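# Descriptive structure summary
Residues per chain are reported as follows:
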Amino acid sequence: MAQLAANRAPGSTNPLYQRIVDDIRSRITSGEIAPGDQLCTIAQMCRMYDVSRITADRAVRDGSWLRTVSPPVRTKTLGIVGLGRIGRAVYTRAVALGMEVIAREPYPDHEFVARHGVRLVSFEDLLAQSDYVSLHVPLSEENAGLINTAAIARMKTGAIVINTARGGLIVEADLHEALASGKLAAAALDVFAEEPTPVDNPLLKLDNVLASPHMAGVDDLSLSDMRSEEHTSELQ
């Protein structure tokens, strides 16, 4: 965990980040989180915090020094699409931060759902109710293009999309249109349909997109954990 603290993201002295890290430390110690979960979850939660402050960052960089009040993360509704290992880890942290959390999962872990009182909803209801929509499902024939024009039309105006799963879950042209028109407030994307994504990808030209190169769960510690898991698997 010392390595985790040393690898904090820029601006990580904020109380939100520290609260996430402290919670993760306790869950790792108790064995509730498997190796590798903690880093992807930190990246996920920090993206929710950072994406709401994109405008403020740009205001400093362009010299306008425009000071606006950002909406809080607490009290907002997070819709988690896919309640697998990482989706569950995100769920517990979001609740701890004061968010309302709903989830869409056709094959839920019933013990987890009962223990945490998870409110499972349909995909359509999740889109309609969520301020943040976070994707945590594999790319399959069923899930390809999950976030498209029809799905976006169901979402709240001003909602935010976060994708740390697979790029093909989103129709990028449809997302671009929604972001450019103001239907969606912002998007945080760690994955793209084509990777590396071309530098002329229209999404990268938008000020309300926060992008990273498929590295949400990657640093020295997570790589070490993954190597350890692979070694253990080989021995079994």
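Right, let's walk through the structure included here.

Glancing now at the overall build of the protein. Along its length, the protein carries 10 helices and seven strands. The buried share among the 236 residues of the protein stands at 46%. The long-range fraction of contacts in the protein, counting pairs at least 24 apart against all pairs at least 6 apart in sequence, stands at 66%. When the accessible surface of the protein is summed, it comes to about 12100 Å², and 53% of that surface belongs to carbon and sulfur atoms.

Extensive coverage of strand E5 (residues 159-163) is indicated by the burial of five of its five residues. A two-sided burial pattern is seen for E5, the buried positions comprising Ala159, Val161 and Asn163 on one face and Ile160 and Ile162 on the other. Note: strand E4 (residues 132-135) against E5, four bridges, orientation parallel. Looking across to E5, one finds that Ser134 is bridged to Ile162. This β-α-β element, E4 to helix H8 (residues 149-154) to E5, shows right-handed connectivity.

Of all five residues that make up strand E2 (residues 100-104), four are buried, and the element is covered over most of its length. Considered for its hand, the β-α-β crossover made up of strand E1 (residues 77-81), helix H5 (residues 85-96) and E2 is right-handed. Across two bridges, the pairing between E2 and strand E3 (residues 119-120) is parallel. From the neighbouring strand, Ile102 faces E3, where its bridge partner is Arg119. In this view, the connection linking E2 to its parallel neighbour E3 by way of helix H6 (residues 110-116) has right-handed handedness.

The omega angle of the peptide bond from Glu195 to Pro196 is -5°, so this bond is cis rather than trans. If you trace the backbone, Pro196 turns up in the loop between strand E6 (184-189) and strand E7 (209-211). If you check the backbone angles, Thr75 has positive phi at about 75° while not being a glycine. Notably, His214 is not glycine yet its phi reads approximately 50°, a positive angle. Take His214: it is sitting in the loop between E7 and helix H10 (220-235). The partly exposed category is assigned to His214, whose relative accessible area is 35%.

Looking now at the sheet that holds E5. Reading across from one edge, E3-E2-E1-E4-E5-E6-E7 is the order of the seven strands in this open sheet, with parallel pairing throughout. With partners counted over all chains shown, the strands left at the sheet margins are E3 and E7, one partner each. Across five bridges, the pairing between E1 and E2 is parallel. Paired with Ile80 across the two strands is Ala103, which belongs to E2. Packing against the sheet, H5 makes contact with E1, E2 and E3, and its axis sits at approximately 170° to E1.

What counts, and where the lines are drawn
Residues numbered from 1 in each chain as written. Predicted model: local features only at pLDDT ≥ 70, side-chain atom pairs only at ≥ 80, totals over all residues. Heavy atoms only, no water. Helix = DSSP H or I, 4+ residues; strand = E, 2+ residues; numbered from the N terminus. Buried < 20%, exposed > 50% of the residue type's maximum accessible area, 1.4 Å probe, protein only. Contact = heavy atoms within 4.5 Å. Areas by Shrake-Rupley, 256 points an atom, 1.4 Å probe, with all protein chains shown as cover. Pairing = 2+ DSSP bridges. Right-handed = clockwise from strand over helix to strand, strands pointing away. Axes fitted to C-alpha atoms, helices over the stretch in contact; angles between N-to-C directions.

By themselves, these figures tell us nothing about what the structure is for.
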